[in-house]
Amino acid sequence: MIDAPTRAELPLIPWRDLAPYLSVVVIEATADDPALTFGAVVRELRKLPPANSKRRTKLVAADEAAASDHRQLEGLGTLETAGIDQLAGYINEVGAVPSWLAERTELLNTTYELGLVVRRGNLIAIKPDDRSAERLQKWIDRSPRLAQRISPLILECTFLMGRARGLWLQSATGRNARHPDAKTSVGIDLKETLNVFADSGYSLGSARCELPADLELDQLRGTIGATIRSSQLWLKPMPTIGDFLATVGEIFDLIEKVAAEEDSLIEAFPELARDVTDLSEVHGAYDVAAIDVDHLPATDAAGEETYDAASILESAAIIVVPDSRTARFKLKIGLDGVEGGVVSVTPKPKPHGFLLDIGPVGSFSREEIAQPVLDALRSTDLLTVFYESGHVYSRGRITKKNTTIFPFKNWRFQSFAGFDIEVEKPFGHLSAEKIHGAIGDEADTSLFSWVLENFSDGWLICDDGAGESADFLQIDAEGTLRFIHVKGAESSSPGRGISAKSYEVVAGQAAKNLVFMEKERLAEHLRSTDAPYKASWVDRIKVSDRREFIEMLLARSEEDAREVVIVQPHVLEEKHKALRALEPGTKPPQDLLRLQRLETLLNSTRSSVVNSNAELWVISSSDM
């Protein structure tokens, strides 16, 4: 190690001139005196790496202050005024050989890296310099008596409850060609894109979410990012060090508020796989894989040591020894196809996660081959482990696919008073011409006339018949296009139970006809299947043909909303509420099991609809 100069020999931090980017690792001090943890963090970060032929690092400025000193910091004032207990900063000068030059050269790219440590109470926010980020995470893992990361659930519920603008997800299931190892996405609100079928096999790695406006914060606004595994938050550049500290203070405020309610927290991403804390059900490791460092989120700390280890593991042979009946297992390791020995791997609990304890089993048969692989495995956390029990270890967490049966969230319960909910079309099954002509007649109480009564705003046409796109199509005054599919209830009895069967056909029709979401294809279909008798209305007034509807269809923007609506009044609102109100853990009645089957069907249909850039709504009965 290079001996660092004492603080008295160094220039002080130019606090007035700092405009740091807010990217911090937030930890909780576990020492009886949080100041001890603060001091240990500062010492760890100020350690300089050994000089080598590629890089030279020198500490060029440092400062440290406590509120109890009542010291005036230039451009900041006292820490007491800023609401901070302790503050430390340092600046490293880093000279690195350009990538296009040989190592032996005096030409260096020189950069200056800033590190900051801020404490209030037992919370500490750390902005490490670029070279120390990975080392900091390892220090946290081996220092549980001094510090621990913030609970992932607290971070999720504190900072990720708003609209999700970016997501990085990692697989929580076994590897196969049909299932990506990781998924990265950006959008307006990615929470609306998650579904229980496509995403329950992924766990949350990182996210960027909008901070809710009702938090009424002065500094912490806009879109914040979080990597919950490493307890890291990032926001934006801060104009001054005062703004940086004020924002950190608001981060501390929110964490303390949410932590006080930890027992009642609800996940921001309930569809995703969840962390496991009990190893008793984890068994049967059958495969391992080394994570590709280039596929990690940009915010996930990956230093030179990790890249060097990843390079070794890329050419390593790592094979699971079968027949593991616990979370512990053995690996045969080697390089370039040559086996070097066997190691044991044991997941050991740490605060909010696990560490893999990896060590040799006996003596290596080829130490020169096995030792580099073992060192690479020990020095990094790049190993992903897949278990027969359905669990996956990755980056300090053990997760399992989410098997929760999720309620369908898009029910609309409306009154069908005055209509026969068992009758779908007028006069039973007469000719298509008579069906279209009878819709809306005073004598008709079928569900087709209910649709006319409730979807008369704007342009409405009936497309019932062979090759239909839907029973009805509507474009309302706001430009929303609706595909309305209608099915009669199995019974009109007020005591009728839940039936998944009654929705199977109409849900299948809704999914099958998503092909007509493309407006030119739909317009061509409506032209080619038009007939003089086919019913059309504009603001409930019957018109002679579909031409005006087609004109409005083609004039729609791609930004206009699209909905698929299923009208099937078999499920009663009161029955649905009663079943959903049942206490968890009670023996489920048959109707609840039927409701779960039904809502699984509807969630599956919604997944297809959402993938077609539309939303699914199901209308059932609010009548008693």
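What you are looking at is a predicted structure, and each value in this text was computed from that prediction instead of being measured.

Colleague: Just checking my understanding: could you explain the overall build of the protein chain for this structure?
Modeller: A count of helices and strands for the protein chain gives 14 helices and 28 strands. Dimensions of the protein chain along its principal axes, counting C-alpha atoms only, are 95 × 60 × 55 Å. Residues counted as buried form 52% of the 624 residues belonging to the protein chain. For the protein chain, the share of sequence-separated contacts (at least 6 apart) that also reach a separation of at least 24 residues comes to 69%. For the protein chain, the accessible area works out to roughly 29,300 Å², and carbon and sulfur atoms hold 50% of it. The distance from the centre of the 70 positive side-chain charges to the centre of the 95 negative ones in the protein chain is 4 Å.

Colleague: Looking at this structure, I do not really get empty space enclosed by the protein. What am I missing?
Modeller: Any empty space left between the atoms is revealed when a probe the size of a water molecule rolls over them. Tallied over the full model, the rule gives six cavities of 30 Å³ or more. In this structure, the largest cavity spans a volume of roughly 80 Å³. Contributing to the lining of the largest cavity are Arg-149, Ile-150, Pro-152, Ile-228, Arg-229, Lys-350, Pro-351, His-352, Arg-395, Gly-396 and Arg-397. Residues belonging to the lining of the largest cavity are distributed by class as follows: four nonpolar, two polar and five charged. Reported here for the second largest cavity is a volume of approximately 60 Å³. In terms of lining residues, the second largest cavity is bounded by Ile-140, Asp-141, Pro-144, Ala-147, Gln-148, Arg-149, Lys-350 and Pro-351. Here the element with the most residues in the lining of the second largest cavity is strand β6 (residues 147-149); it accounts for three residues. Per-class residue counts for the lining of the second largest cavity are four nonpolar, one polar and three charged.

Colleague: I would appreciate a short explanation of helix α13 (residues 573-580) in the present structure.
Modeller: Structural remark: α-helix, 3.6 residues per turn; residues separated by three or four positions point the same way. Along α13, the residues that are buried comprise Glu-573, His-576 and Leu-579. Seen from one end, α13 has its buried residues packed into an arc of 130°, which puts them on one side. In this fold, the buried residues of α13 make contact with β21 (411-414), β27 (562-572), α14 (590-611) and β28 (615-621).

Colleague: Would you explain unusual backbone geometry in this entry?
Modeller: The phi torsion of most residues other than glycine is negative, and most of the peptide bonds are trans. Phi is positive for His-352, which is not a glycine, with a value near 65°. As for its placement among the helices and strands, His-352 is situated in the loop between β16 (338-350) and β17 (353-360).

Colleague: Hey, could you run me through the pattern of salt bridges in this one?
Modeller: As a working rule, side chains carrying opposite charge can pair if their charged atoms are close by. If you walk through the whole model with that rule in mind, you get 34 salt bridges. With a shortest N-O distance of 3.1 Å, Glu-44 and Lys-47 are connected by a salt bridge. A salt bridge links Asp-141 to Arg-149; the nearest nitrogen and oxygen atoms lie 2.9 Å apart. Its relative accessible area of 6% is what places Arg-149 among the buried residues. Here the salt bridges do not stand alone but share partners, grouping Glu-44, Lys-47, Arg-135 and Arg-142 into one network.

Colleague: Looking at this structure, I do not really get the packing of helix α1 (residues 34-45) against helix α3 (residues 133-141). What am I missing?
Modeller: Interhelical geometry of α1 versus α3 gives an angle of 140° and a closest axis separation of 10 Å. Comparing the axis directions of α1 and α3 gives the class oblique. Where α1 crosses over α3, the two elements pack in a sense that is right-handed. Counted together, Thr-37, Ala-40, Val-41, Glu-44 and Leu-45 of α1 and Arg-135, Leu-136 and Trp-139 of α3 form the full contact between these two elements. Class assignment of the residues belonging to the contact of α1 with α3 gives a composition of five nonpolar, one polar and two charged.

Colleague: How do you make sense of a negative patch on the surface when you look at a structure like this?
Modeller: Taken together, the side chains of Asp-457, Glu-478, Asp-539, Glu-548 and Glu-551 make up a negatively charged region of the molecular surface. Looking at the secondary structure, you find Glu-551 in helix α12 (residues 547-555). With relative accessibility at 55%, the residue Glu-551 sits in the exposed group.

Colleague: Even after reading the chapter, I still don't get the packing of helix α4 (residues 152-159) against helix α5 (residues 241-259), so can you show me in this structure?
Modeller: Relative orientation and spacing of two packed helices are given, respectively, by the angle between their axes and the distance between those axes. Two elements in contact, α4 and α5, have axes whose closest approach is 9 Å; the angle formed by their N-to-C orientations is 115°. Considered as vectors, α4 and α5 are oriented roughly perpendicular to each other. Classified by chirality, the crossing of α5 by α4 is right-handed. Across the interface between the two elements, Ile-154, Cys-157, Thr-158 and Phe-159 of α4 pack against Ile-251, Leu-254, Ile-255, Val-258 and Ala-259 of α5.

Colleague: Can you help me understand the packing of aromatic side chains in this one?
Modeller: Each aromatic ring pair is characterised by the separation of its centres together with the angle its planes make. Considering all chains together, one arrives at eight aromatic pairs under this definition. Ring geometry for Trp-411 and Tyr-503: centres 6.1 Å apart, planes at 85°, overall edge-to-face. Note that Trp-411 is positioned in strand β21 and Tyr-503 in helix α10 (residues 501-512), a separation of 92 residues in sequence. Between Phe-416 and Trp-450, the aromatic rings sit 4.3 Å apart at their centres with planes inclined by 20°, giving stacked as the arrangement. With Phe-416 in the loop between β21 and α8 (432-438) and Trp-450 in helix α9 (residues 447-454), this residue pair connects regions lying 34 residues apart in the sequence. Residue classification places Trp-450 among the buried positions, given a relative accessible area of 1%. Each member of the aromatic cluster is reached from another via a ring pair, and the members are Phe-408, Trp-411, Phe-413 and Tyr-503.

Colleague: Honestly, the sheet that holds β17 in this entry has me stumped. Any pointers?
Modeller: Backbone hydrogen bonds are what pair the strands of a sheet, in a parallel or an antiparallel way. Within the open sheet, the four strands sit side by side as β14-β15-β16-β17. Their pairing is antiparallel. Looking at which strands have only one partner, the edges of the open sheet turn out to be β14 (316-321) and β17. Sheet twist, expressed as the average angle between the axes of neighbouring strands with direction ignored, equals 30°. Relative to β17, β16 runs antiparallel, the two being bridged by eight bridges. Bridging from a neighbouring strand, Val-343 pairs with Pro-360 of β17. Its contacts with the sheet place helix α7 (residues 367-379) against β14, β15 (329-335), β16 and β17, and it is angled at close to 125° to β15.

Colleague: Sorry, what's going on with the side chain of Ser-499 here?
Modeller: Structurally, Ser-499 can be placed in the loop between β24 (481-486) and α10. The buried category is assigned to Ser-499, whose relative accessible area is 9%. A distance of 3.4 Å separates a polar side-chain atom of Ser-499 from the backbone nitrogen of Lys-501. Excluding residues that lie within four positions of it along the chain, Ser-499 makes contacts with Glu-490, His-570 and Leu-598.

Colleague: How should α3 be read in this particular structure?
Modeller: When α3 is considered as a whole, its buried residues turn out to be Glu-134, Leu-136, Gln-137, Trp-139 and Ile-140. Those residues of α3 that are buried are in contact with β1 (21-29), α1, β5 (123-127), β6 and α6 (304-314).

Colleague: I would appreciate a short explanation of the confidence of the model for the protein chain in the present structure.
Modeller: Do not read the fine detail of predicted coordinates wherever pLDDT is low. Per-residue confidence for the protein chain averages 90 on the pLDDT scale, and 95% of its residues sit at or above 70. Per-element confidence in the protein chain is highest for β5, whose mean pLDDT is 98, and lowest for α6, whose mean pLDDT is 81. Taken as a whole, residues 1-5 scores under 50 in pLDDT and shows 11 contacts with residues more than four places along the chain or in a different chain.

Colleague: Explain the nonpolar core to me, please; I cannot follow it from the model alone.
Modeller: One recurring pattern in soluble globular proteins is that nonpolar side chains are buried together. Judged by nonpolar contacts, the single largest core of 57 residues is most densely connected at Phe-159, Leu-160, Phe-244 and Phe-269. Here this core gets nine residues from one element, more than from any other, and that element is α5. Phe-159 has contacts with Cys-209, Leu-211, Leu-220, Ile-224, Leu-233, Ile-251, Leu-254 and Ile-255, leaving out every residue within four places of it along the chain. If you look at the next biggest cluster of nonpolar residues, it comprises 38 residues, including Phe-413, Ile-461, Ala-510 and Ala-614.

Analysis parameters
All residue numbers refer to positions counted from 1 along the written sequence of the respective chain. With the structure being a predicted model, the display of local features is reserved for residues of pLDDT at least 70 and the display and counting of side-chain atom pairs for 80 or more, all residues being used for whole-chain, interface and lining totals. Side-chain calculation: all heavy atoms of the structure are included, whereas hydrogens and water are not. Helix and strand assignments come from DSSP, with helices taken as H or I runs of at least 4 residues and strands as E runs of at least 2, each series counted from the N terminus. The rule is simple: take the accessible area with a 1.4 Å probe, protein chains only, and divide by the maximum for that residue type; under 20% is buried, over 50% is exposed, in between is partly exposed. Pairs of residues are marked as contacts when any of their non-hydrogen atoms sit within 4.5 Å. Method for areas: the Shrake-Rupley scheme with a 1.4 Å probe, in which residue coverage is limited to the protein chains shown. Positive charges come from Lys and Arg, negative ones from Asp and Glu, while His and the chain ends are left out of the count. Throughout, a charge is located at the NZ atom of Lys, the CZ atom of Arg, the CG atom of Asp or the CD atom of Glu. Points on a 1 Å grid over protein atoms alone make up a cavity when a 1.4 Å probe fits among them but cannot get out, and a pocket when they form an open set with protein on both sides within 12 Å along at least five of seven lines; lining residues each have an atom within 4 Å of a point. Grid points are joined across faces, edges and corners, and a volume is the space filled by probe spheres set on the points. Only Asp, Glu, Lys and Arg are considered charged, only Ala, Val, Leu, Ile, Met, Phe, Trp, Tyr, Cys and Pro nonpolar, and every remaining residue, Gly among them, polar. Directions from the helix axis toward the C-beta atoms define the arc. Any Lys or Arg side-chain nitrogen found within 4 Å of a carboxyl oxygen on Asp or Glu counts as a salt bridge. The convention used is that axes are lines fitted to C-alpha atoms, helices contributing only their stretch in contact, and that angles between N-to-C directions extend from 0 to 180 degrees. Orientation categories follow fixed angle ranges, with anything under 35 degrees roughly parallel, anything over 145 roughly antiparallel, 65 to 115 roughly perpendicular, and all other angles oblique. Left-handed describes a crossing whose near helix is turned anticlockwise from the far helix through less than a right angle; right-handed describes the clockwise counterpart. Like charges within 9 Å and nonpolar side chains (Val, Leu, Ile, Met, Phe, Trp, Tyr) within 5 Å are joined into patches, using only residues over 30% in relative accessible area that form no salt bridge. Aromatic pairing here means that ring centres of Phe, Tyr or Trp (its six-membered ring) are within 6.5 Å. Orientation follows from the plane angle: under 30 degrees is stacked, over 60 is edge-to-face, and everything else is tilted. Two strands form a pair only when DSSP identifies at least two bridges running between them. We define a polar contact as two N or O atoms separated by no more than 3.5 Å, with the added condition that, inside protein, one atom must be a possible hydrogen donor and the other a possible acceptor, whereas residues neighbouring each other in sequence contribute only through side-chain atom pairs. The predictor attaches a confidence to each residue, and that confidence, scored 0 to 100, is pLDDT. The definition of a nonpolar core used throughout is a set of buried Ala, Val, Leu, Ile, Met, Phe, Trp, Tyr and Cys residues joined through side-chain atoms within 4.5 Å.

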